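What follows is each chain in one-letter form.
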Amino acid sequence: MQPAAVPTERNTDLASSVVATMRQLGVLGLPRNYEIFYEALSGSNHELSLAVVSLSNRPTQEDLDRIGRTFFPQHHGPAIVEHAREVVAKELEDVAALLRSERTHVEKYGRILDETSSGLSNRSLLSQELLHKIAGAMSAATSSTLDHNRQIASTLSEKTAELESVKTKLEEYKRLADTDPLTQIRNRRAFDKEITRIYNSNRGILFNALILADIDRFKDINDRFGHPVGDRIIQIVAEIFQSSVRGDMFVARTGGEEFALQRRGASEDTTFEIAERIRVLIEQTPFTSSQTGMNYGTVTVSMGVCMASEADSPEDLYTKADRALYRSKVSGRNRVTRHSSMAGRNGKGWQLYKKD
């Protein structure tokens, strides 16, 4: 299947192309289907685009949902978990049946041992023929028991492998559910949980800082060059954030063009220097099309910094960092502002993730 070609003009209406392609292929206009074709036609996810191209000319909803579960698991979580529950339940039932079978076989073997033991204890009835029969019965029973045990061990090994596969899939789902599909860094769900953990201990409060960042004039970028270009710029900015910090630092995309960085074990001065270094890197990065060579101009970000010790709660920390970010915006953009001299708070429902 070949999706409808996406026009290359600067002011391409990607949404219209998505709707036209879905109509051409007879795809239902469901939000989850729209998301698949939007990402595929924008070209921001090459593997997803290949998966869509490999579909038949009349893809079924089952085919589309399979792609959705692979690339957008955060929207298919209940189905994935329910499938895993069914698999685990079935495997446990099979294991229980195996154990019942093993118990029956062992009990049968035990009865044979009792009978042969009784026969051997009655010396007056022993004869060479009887000994041969007893030895033969013991040999057959032992051989049968060993074969049965080997079969049980083999089947249990298969069941263990199947359960390990389910465990791996659930772990992968958990990872993907916390990953932003466009940038492959952590998403808002993961950020909400991470910022809540800061206030679970006094150490977390003393040794954590939050940096919020927002791409300047991003709406203008989308309006001038189209959403595919905007998505690519978001990806590049995310790559700069991720590659500019240590591996143990938490980086997330928290909104359309918004990012968050959580820094542990650093002073406010050090945190400010990190934010400033990232700001300069983004400002100095050339944003050009690898296909056409078109230069999209300088891209900048505004940032706000707040130490966890300056706030009373996760929502207070986010609000204060956001206020510092807003100060950077109204002061001319492309700068980093500390919250140190600012005040005020707002509330958000972070406690939803408190015990996650």
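Residues numbered from 1 in each chain as written. Predicted model: local features only at pLDDT ≥ 70, side-chain atom pairs only at ≥ 80, totals over all residues. Heavy atoms only, no water.

Draft legend 1. Main features of the overall build of the protein. Within the protein, the secondary structure is distributed over 12 helices and five strands. In the protein, which comprises 356 residues, the proportion classed as buried is 42%. Taking the intrachain contacts of the protein between residues at least 6 apart in sequence as the baseline, contacts between residues at least 24 apart amount to 66%. On the protein, roughly 19800 Å² of surface is accessible, and the fraction owed to carbon and sulfur atoms is 52%. (Helix = DSSP H or I, 4+ residues; strand = E, 2+ residues; numbered from the N terminus. Buried < 20%, exposed > 50% of the residue type's maximum accessible area, 1.4 Å probe, protein only. Contact = heavy atoms within 4.5 Å. Areas by Shrake-Rupley, 256 points an atom, 1.4 Å probe, with all protein chains shown as cover.)

Draft legend 2. Focus on the sheet that holds strand E2 (residues 250-253). The strand order E2-E3-E1-E4-E5 describes an open sheet built from five strands, whose pairing is mixed. The strands lining the two open edges of the sheet, one partner per strand, are E2 and strand E5 (336-338). Geometrically, the sheet is characterised by an average inter-axis angle of 15 degrees between neighbouring strands, direction not taken into account. Sheet topology places strand E1 (residues 208-215) next to strand E4 (residues 301-307); seven bridges connect them, and they run antiparallel. The partner of aspartate 214 across the bridge, within E4, is serine 302. In the packing of helix H12 (residues 314-330) onto the sheet, contacts are made with E1, E4 and E5, and the angle to E4 comes to roughly 145 degrees. (Pairing = 2+ DSSP bridges. Axes fitted to C-alpha atoms, helices over the stretch in contact; angles between N-to-C directions.)

Draft legend 3. View of the side chain of aspartate 216. As for its position among the elements, aspartate 216 is in the loop between E1 and helix H9 (218-225). Within the structure, the side chain of aspartate 216 is placed 2.6 Å from the side chain of serine 302, a separation counted as a polar contact. Among the polar contacts made by the side chain of aspartate 216, one reaches the side chain of lysine 329 at a distance of 2.8 Å. Setting aside residues up to four positions removed in sequence, aspartate 216 forms contacts with Ile221, Thr300, Val301, Ser302, Lys329, Arg333 and Asn334. (Polar contact = N/O pair within 3.5 Å; in protein donor to acceptor, adjacent residues only side chain to side chain.)

Draft legend 4. Quick look at the packing of aromatic side chains. Considering all chains together, one arrives at four aromatic pairs under this definition. Plain terms: the ring middles of phenylalanine 225 and tyrosine 296 are 4.8 Å apart, the flat faces sit at 70 degrees to each other, and that makes the pair edge-to-face. Of this pair, phenylalanine 225 sits in helix H9 while tyrosine 296 sits in the loop between helix H11 (268-284) and E4, placing them 71 residues apart in sequence. Across the pair, tyrosine 296 and phenylalanine 225 agree in class, each one buried. The ring of phenylalanine 272 is capped by arginine 338, whose NZ or CZ atom sits 4.3 Å from the centre of that ring. (Phe/Tyr/Trp six-rings, centres within 6.5 Å; stacked < 30°, edge-to-face > 60°. Lys NZ or Arg CZ within 6 Å of the ring centre and 35° of its normal.)

Draft legend 5. Geometry of the packing of helix H1 (residues 14-25) against helix H2 (residues 31-42). Orientation of H1 relative to H2, taken along the N-to-C sense of each, is 115 degrees, at an axis distance of 9 Å. When the axes of H1 and H2 are compared, the crossing they make is right-handed. Taking contact as the criterion, the partners of Leu14, Ala15, Ser17, Val18, Val19, Thr21, Met22 and Leu25 in H1 are, on H2, Asn33, Tyr34, Phe37, Tyr38, Leu41 and Ser42. By residue class, the composition of the contact of H1 with H2 is 10 nonpolar, four polar and no charged. (Left-handed = near helix turned anticlockwise from the far one by under 90°. Nonpolar A, V, L, I, M, F, W, Y, C, P; charged D, E, K, R; others polar.)

Draft legend 6. Region of the structure containing the pairing of E2. By the alternation rule, side chains of E2 split into Phe250 and Ala252 and Val251 and Arg253, which are all buried. Here E2 hands over to strand E3 (residues 258-264) after four residues, the two strands then running antiparallel side by side.

Draft legend 7. Seen up close, the confidence of the model for the protein. Averaged over every residue, the pLDDT of the protein is 79; the share at 70 or more is 69%. Averaged pLDDT values for the elements of the protein fall to 63 in helix H5 (residues 77-121) and rise to 97 in E4. Here residues 1-12 is modelled with pLDDT under 50, and outside its nearest four sequence neighbours on either side it reaches 24 contacts, counting other chains as well. Note that residues 344-356 has pLDDT below 50 and, in this model, 35 contacts with residues that lie over four places away or in other chains. (pLDDT = per-residue confidence, 0-100.)

Draft legend 8. Representation of the environment of glycine 255 within the structure. Looking at the secondary structure, you find glycine 255 in the loop between E2 and E3. For glycine 255, a relative accessible area of 22% puts it in the partly exposed group. Separated by 67 residues in sequence, glycine 255 and arginine 188 have C-alpha atoms that sit 7.1 Å apart.

Draft legend 9. Local environment of the pairing of E3. Burial analysis of E3 places five of its seven residues in the buried class, which makes it a mostly covered element. As defined by bridge partners, E1 adjoins E3 across seven bridges and the pair is classed as antiparallel. Across the sheet, the residue bridging to leucine 210 is glutamine 262, located in E3. Taken together, the four bridges between E2 and E3 define a ladder with antiparallel strand orientation. Residue pairing in the sheet places phenylalanine 250 in a bridge with glutamine 262 of E3.

Draft legend 10. Just the side chain of arginine 263, in detail. Residue position: arginine 263 is located in strand E3. Given a relative accessible area of 8%, arginine 263 falls into the buried group. Ignoring any residue separated from it by four or fewer positions in sequence, one finds arginine 263 in contact with Phe207, Asn208, Ala209, Arg246, Met249, Thr270, Thr271 and Ile274.

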